[in-house]
Amino acid sequence: MTADQMTTQLDAPLSETTRTVTLVSWKSAGVLLAVTLLYALLLVAVPHSGDTRFLLSQRGDFFQIPVIVLPAAPLAWACGAVMLAATAFVVLRTARGSRTPLWVVAVFAFAGLTGFLAWAGAGSPRDLSVVGLLGGAVLWSVPFVYGALGGVIGERAGVVNIAIEAQLLGAAFTAGIVSSVTNSALIGLAAAVLAGALVSLVLGLFAITYHVNQVIVGVVLNVLVVGLTSFLYSQVLQADAATLNSTTRFSSIPIPVLSDIPVLGPVLFDQPLLIYLMFLAVPAVWYALNRTRWGLRLRAVGEHPKAADTVGIDVVRTRYNAVLVAGAVAGLGGAFYTTVYLSQFGENMTGGAGYIALAAVIFGKWDPVRAAFAGLLFGFASNLQNVLSVVGSPVPSQFMLMVPYVVTLLAVAGLVGRSRPPAASGEPYIKG
């Protein structure tokens, strides 16, 4: 028997075993079942009657879509039936050893959202604006998407970027001061990029050069930046708010013709510059990671730094480059708070957005496009409170404030499925 024949015989049983053994998690089925039960409990415990008015058009659109008026209770229960059917489908597939299709989760989420909006807006004389819901979701997703892109870049190089919160907050603070002094939102945006990169440089110094635990360094940086910006805000900005804390913001730039398309026009084509840059940043980061030599080296360092070092790749330098770029990208998200959202910096105004962005990285399985969609999901959840308050929904504001964090927990704990971070993520590289 030759060596090739022996190798073939050894490989055959292994490949057969690999084909027949499939590990399927019950997490998705459990989360969908729990959400369905909570949804049904909500409809039973707090019933709402009346009609819900869905507004799909705005003034100036090419054509006007009439307001859709639907009975709230029947629509909510019909959506609950769809959720139950989707849950049963997932349970059956999981019992048979099959994975949960993404389209089933999408149908479940759409039915649940529609039913919840119908329940929340029942009986209100005001229209529930779908354009406001989607446009606000895009707007609120900006720090999550930029932060998630920065997290993906850092972790694909092997550095866990727990300090996204510090990068967002530091960038928001810096952009607020610079934009106030220069009366230029664009200069404030550039300053935010530098501030994010500076925070990342500190992270790289301790994590890459001195091999300190990356998670600990990130947490310490988050606490440090919160304390530093709070101190400077109370001692410096409040003392001269007219000069140092009155920012110039980006205004919306409507794209001719496209911005007049019903529903999608105002959502995608009537936004500030920072949102348009976000639309370009997602494919740009994907292309850089997957189609360039820089991205190939970065991913090699994140998967197997010793092998990368063997073929001549400078691991330390590559990781520093990745960390600096990651911080700069996250800095764009921090600029959102003081150059788009508000005209002044507020103490701890990011409110944990960096941690939600980190969850988007995990939910997106360390892929920039998936992480960006996860950021959109969390932005949508954050915007729900604003839309429902305008409609006059009886849902308590305290409940709506916790929605984005509940969605984050459910997404990461139950719907992320099997995922594997880069093999060397969080591991310091010591040459030799």
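Residues numbered from 1 in each chain as written. Predicted model: local features only at pLDDT ≥ 70, side-chain atom pairs only at ≥ 80, totals over all residues. Heavy atoms only, no water.

**A look at the packing of aromatic side chains**
For any two aromatic rings, the description comes down to two numbers: the centre-to-centre distance and the angle of the planes. Convention followed: Two aromatic rings from Phe, Tyr or Trp, using only the six-membered ring of Trp, form a pair when their centres are within 6.5 Å; if the ring planes differ by under 30 degrees the pair is stacked, by over 60 it is edge-to-face, and anything between is tilted.
Evaluated as defined, the whole model comprises 11 aromatic pairs. An aromatic cluster is present here, built from Trp140, Phe336, Tyr337 and Tyr341 joined pairwise through their rings.

**Concerning helix H6 (residues 142–156)**
Rules: The helix and strand labels rest on DSSP assignments: H or I over at least four residues marks a helix, E over at least two residues marks a strand, and numbering proceeds from the N terminus. Any helix carries an expected span of 1.5 Å times its number of residues minus one. Three labels apply to residues, based on accessible area from a 1.4 Å probe with only protein chains included: buried if under 20% of the type maximum, exposed if over 50%, partly exposed otherwise in between.
With 15 residues, H6 extends 21 Å from end C-alpha to end C-alpha; this agrees with the ideal 21 Å at 1.5 Å per step. With 15 of its 15 residues buried, H6 lies for the most part within the structure. Directly after H6, the chain includes Gly158, whose backbone phi takes a positive value near 100 degrees.

**With respect to a nonpolar patch on the surface**
Cut-off, in case you're wondering: The residues that make up patches have over 30% relative accessible area and no salt bridge, and they are joined within 9 Å when like-charged or within 5 Å when they are Val, Leu, Ile, Met, Phe, Trp or Tyr. Note that accessible areas follow from Shrake-Rupley with a 1.4 Å probe, and for residues the cover is restricted to the protein chains shown. Salt bridges, as used here, are contacts in which a Lys or Arg side-chain nitrogen is within 4 Å of a carboxyl oxygen on Asp or Glu.
Together, Val202, Leu205, Phe206, Tyr210 and Val212 make up an exposed nonpolar region whose accessible area comes to about 420 Å². One can find Val212 in the loop between helix H8 (185–209) and helix H9 (214–237).

**Observations regarding the nonpolar core**
Stated formally: Here, nonpolar core means buried Ala, Val, Leu, Ile, Met, Phe, Trp, Tyr and Cys residues that are tied together by side-chain atoms lying within 4.5 Å of each other. Any pair of residues with heavy atoms lying within 4.5 Å of one another is described as a contacting pair.
Counting 70 residues, the largest nonpolar core has Tyr146, Leu274, Phe345 and Phe378 as its most contacted members. The element best represented in this core is helix H15 (residues 315–341), accounting for 10 residues. If we ignore the near neighbours within four places in the chain, the residues touching Leu274 are Val142, Tyr146, Leu189, Leu332, Ala335, Phe336, Thr339 and Val340. Ala76, Phe116, Trp119 and Val387 belong to the second-largest nonpolar core, a separate cluster that totals 28 residues.

**What about the pattern of salt bridges?**
One pass over the structure, following the stated rule, counts 1 salt bridge. The closest approach of N and O atoms between Asp127 and Arg53, which form a salt bridge, is 2.5 Å. Placement of the pair is Asp127 in the loop between helix H4 (102–120) and strand S3 (128–129) and Arg53 in strand S1 (residues 51–55), with a sequence separation of 74 residues. A relative accessible area of 28% places Asp127 in the partly exposed class.

**Overview of the side chain of Thr318**
For the record, the criterion: Pairs of N or O atoms are called polar contacts if they sit within 3.5 Å, as long as, within protein, a hydrogen donor faces a hydrogen acceptor (for residues adjacent in sequence, only side-chain-to-side-chain pairs).
By the element assignment, Thr318 lies in helix H15. A distance of 2.7 Å separates the side chain of Thr318 from the backbone oxygen of Asp314, its partner in a polar contact. The contacts of Thr318, once residues within four sequence positions are left out, are Arg297, Leu298, Val301 and Ile313.

**A few points about the sheet that holds S3**
The condition that has to hold: A pair of strands is treated as paired once DSSP finds two or more bridges between them. Fitted lines through C-alpha atoms give the axes, limited to the stretch in contact for helices. The angle between two N-to-C directions lies from 0 to 180 degrees.
The mixed open sheet is built from 3 strands, whose spatial order is S2-S1-S3. Each edge of the open sheet is held by one strand with a lone partner, namely strand S2 (68–71) and S3. Bridge analysis of S1 against S2 gives 4 bridges, and the strand direction is antiparallel. When the bridges of S2 are listed, Phe54 appears paired with Ile68. The sheet strands contacting helix H3 (residues 72–95) are S1 and S2, and the helix crosses S2 at an angle near 75 degrees.

**Topic: the environment of Gly334**
Looking at where Gly334 falls in the secondary structure, it is placed in helix H15. Assessed through its relative accessible area of 0%, Gly334 is described here as buried. Linking Gly334 and Leu189, residues 145 residues apart in sequence, is a C-alpha distance of 8.9 Å. Those residues in contact with Gly334 that lie beyond four places of it in its chain are Leu168, Ala171 and Ala172.

**Concerning the pairing of S1**
Residues Thr52 and Phe54 point to one face of S1 and are all buried, whereas Asp51, Arg53 and Leu55, pointing to the other face, are not buried. Inspection of the sheet shows S1 paired to S3 by 2 bridges, in the parallel sense. For Leu55, the partnering residue across the bridge sits in S3 and is Ser129.

**Re the side chain of Ser184**
Tracing the backbone shows Ser184 in the loop between helix H7 (164–182) and H8. Its relative accessible area of 17% is what places Ser184 among the buried residues. At 3.2 Å, the side chain of Ser184 forms a polar contact with the backbone nitrogen of Ile187. Residue contacts for Ser184: discarding those within four places in its chain leaves Ser179 and Thr248.

**Regarding the packing of H7 against H8**
Where we set the bar: Two helices cross in a left-handed way if the nearer one is turned anticlockwise from the farther one by less than a right angle. They cross in a right-handed way if the turn is clockwise. In this classification, Asp, Glu, Lys and Arg are treated as charged, Ala, Val, Leu, Ile, Met, Phe, Trp, Tyr, Cys and Pro as nonpolar, and every other residue, Gly included, as polar.
One can describe the packing of H7 onto H8 by two numbers: an axis separation of 7 Å at closest approach and a directional angle of 145 degrees. Judged by the twist between their axes, the crossing of H7 over H8 is right-handed. Side by side, H7 and H8 meet where Ala166, Gln167, Gly170, Ala171, Thr174, Ala175, Val178, Ser179 and Thr182 of the first sit next to Ala185, Ile187, Gly188, Ala191, Ala192, Ala195, Gly196, Val199 and Ser200 of the second. Looking at the contact of H7 with H8 residue by residue, the class counts come to 10 nonpolar, 8 polar and no charged.

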